[in-house]
Amino acid sequence: MIDLNGYRLNVGIVLCNEERRVFWARRLGMRSWQFPQGGIKRNEAPEAAMYRELYEEVGLRSRDVQLIARTSEWLHYDLPERYIRKRSYPLCIGQKQLWFMLKLVSPESRIRLDCSGKPEFDSWCWVDYWYPIKDVVYFKRHVYKQALTELGDYLGIPGSEPEQPVLLVAGGKS
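Now for a description of the structure that goes with this document. Quantities reported herein were computed from a predicted structural model and do not represent experimental measurements.

So, on to helix H3 (residues 141-152). The first and last C-alpha atoms of H3 sit 16 Å apart over twelve residues, in line with the 16 Å expected at 1.5 Å per residue. Buried residues of H3: Val-143, Tyr-144, Ala-147, Leu-148, Leu-151 and Gly-152, and no others. All buried residues of H3 project into a common sector of 145° when viewed along the axis, lining one side.

Structure, rendered in structure tokens:
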């Protein structure tokens, strides 16, 4: 669903484990990594969209996670000009996202990347909380920083990223 300003309504998911590391996934067939995210359908509540996307992209159900927090406001990013599909209607110029912080309460063996007909990811790992800001595609970085800064308060994560975030991998599948 695209709003009147051209932003696609979307949810973003920060899934953390007991060690306060976050789930980081590689897009299918690509070298880019990101958090799970996805569009909100017409007449779908953001929280319902988040749980639908969580299952489709990560294979987890609501019983597998604890909802910790949600961003207080919509966060926006603009697509670079080359990614805007000029011939589509309505024109989408970027994403308007609500971000959710979830904690995995089931064994990580419940994580599956093949629960939809069109998987988004082909690999995943746990990384240091601030690592995604430096690793995500450049045009999403400011939204990732906003989301992680606000949501980190709920995990007791210091309010700003360290100078050199460290990649800490534990578990994961390739």
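What follows picks up the thread again.
The next thing to look at is the environment of Gly-6. If you trace the backbone, Gly-6 turns up in the segment before strand E1 (7-16). Once the C-alpha coordinates of Gly-6 and Ser-106 are considered, the two residues, 100 residues apart in sequence, prove to be 38 Å apart. With residues up to four places along the chain from it excluded, the contact list for Gly-6 reads Leu-91, Cys-92, Ile-93 and Gly-94.

On the secondary structure map, Asn-10 appears in strand E1. In contact with Asn-10, not counting residues within four places along its chain, are Gln-37, Gly-38, Gly-39, Ile-40, Trp-74, Gln-95, Lys-96, Gln-97 and Leu-98.

A one-sided burial pattern is seen for strand E6 (residues 75-78), the buried positions being Leu-75 and Tyr-77 and the unburied ones His-76 and Asp-78. When E6 meets strand E7 (residues 94-104), the two strands line up antiparallel, connected through four bridges. Directly across from Asp-78, in E7, lies its bridge partner Gly-94.

The subject of this paragraph is the state of the cysteines. On inspection of all chains with the given rule, the structure shows zero disulfides. Considering cysteine sulfurs only, Cys-125 is the nearest to Cys-16, which forms no disulfide, with 15 Å between them. Here Cys-16 falls in the buried class, since its relative accessible area comes to 0%. Left unpaired, Cys-115 is separated from the closest cysteine sulfur, that of Cys-125, by 19 Å. Judged by relative accessible area, Cys-115 falls into the buried class, the value being 16%.

Conventions adopted
- Residues numbered from 1 in each chain as written.
- Predicted model: local features only at pLDDT ≥ 70, side-chain atom pairs only at ≥ 80, totals over all residues.
- Heavy atoms only, no water.
- Helix = DSSP H or I, 4+ residues; strand = E, 2+ residues; numbered from the N terminus.
- Expected span 1.5 Å × (residues − 1).
- Buried < 20%, exposed > 50% of the residue type's maximum accessible area, 1.4 Å probe, protein only.
- Arc of directions from axis to C-beta.
- Contact = heavy atoms within 4.5 Å.
- Pairing = 2+ DSSP bridges.
- Disulfide = S-S within 2.5 Å.

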